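Chain by chain, the residues run as shown.
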Amino acid sequence: NHSPPRQLISPSLQYISSCFNGKTLLTMVICLSQAPQHGWETWFSLEKFGAGMSKLKTPLSRVKKMSFGSLLQRTMKEEKQCLLDLHNTPEFGSPKSKYYSYRKAKVHQKQNLLLILNQISS
């Protein structure tokens, strides 16, 4: 496990180095300019924005254990529901159309998960 330094280090570097301990779910990287005319943006990115971002924490939640068979059945049921939702969503010309891309991606994700689960089970 990586243990980031705690003293004599800027808040932004503390934030970036905390990504190496295995507990980070989301990371943000800021691009900086070395040009003198962008000095204020660099200062703001490092001191203000970086300090605020370094204080963000994500609460973790425990996931209940379940048997492989019940996971496979649940995923198959969810895939059928996602396919039904996608089938009932017109691609164009309806207020529901704004959900079409999301539902299409959800079907794709469920099918990929089923493919992986089926490969594991065989």
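Residues numbered from 1 in each chain as written. Predicted model: local features only at pLDDT ≥ 70, side-chain atom pairs only at ≥ 80, totals over all residues. Heavy atoms only, no water.

Attention shifts here to the overall build of the chain. Counting its secondary structure elements, the chain contains four helices and zero strands. When the elements of the chain are put in sequence order from the N terminus, they spell out α-α-α-α. Across the 122 residues of the chain, 19% fall into the buried class. Considering only contacts within the chain whose residues lie at least 6 apart along the sequence, 44% involve residues at least 24 apart. Split by element, the accessible area of the chain, about 10,300 Å² in all, is 59% carbon and sulfur. (Helix = DSSP H or I, 4+ residues; strand = E, 2+ residues; numbered from the N terminus. Buried < 20%, exposed > 50% of the residue type's maximum accessible area, 1.4 Å probe, protein only. Contact = heavy atoms within 4.5 Å. Areas by Shrake-Rupley, 256 points an atom, 1.4 Å probe, with all protein chains shown as cover.)

Glancing now at helix 2 (residues 39–54). Helix length check: helix 2, at 16 residues, gives a terminal C-alpha distance of 21 Å against a target of 22 Å (1.5 Å per residue), a fit within 8%. Along its length, helix 2 reaches its greatest deviation from straightness, about 35°, at Ser45. (Expected span 1.5 Å × (residues − 1). Bend = angle between axes of the 7 residues up to and from the residue.)

So, about the side chain of Ser97. Mapped onto the elements, Ser97 comes out in the loop between helix 3 (68–87) and helix 4 (100–121). Leave out the neighbours within four places in its chain, and Ser97 touches Thr89, Pro90, Glu91 and Phe92.

What follows covers helix 4. Given a rise of 1.5 Å per residue, 22 residues ought to cover 32 Å, and the 31 Å separating the end C-alpha atoms of helix 4 matches this to within 8%. The complete set of buried residues in helix 4 reads Tyr100, Val107, Lys110, Leu114 and Leu117. Seen along its axis, helix 4 keeps its buried residues to an arc of 115°; they face one direction. Residues of helix 4 that are exposed and point over 90 degrees away from its buried face: Ser101, Tyr102, Gln119 and Ile120. For helix 4, the secondary structure elements touched by its buried residues are helix 3. (Arc of directions from axis to C-beta.)

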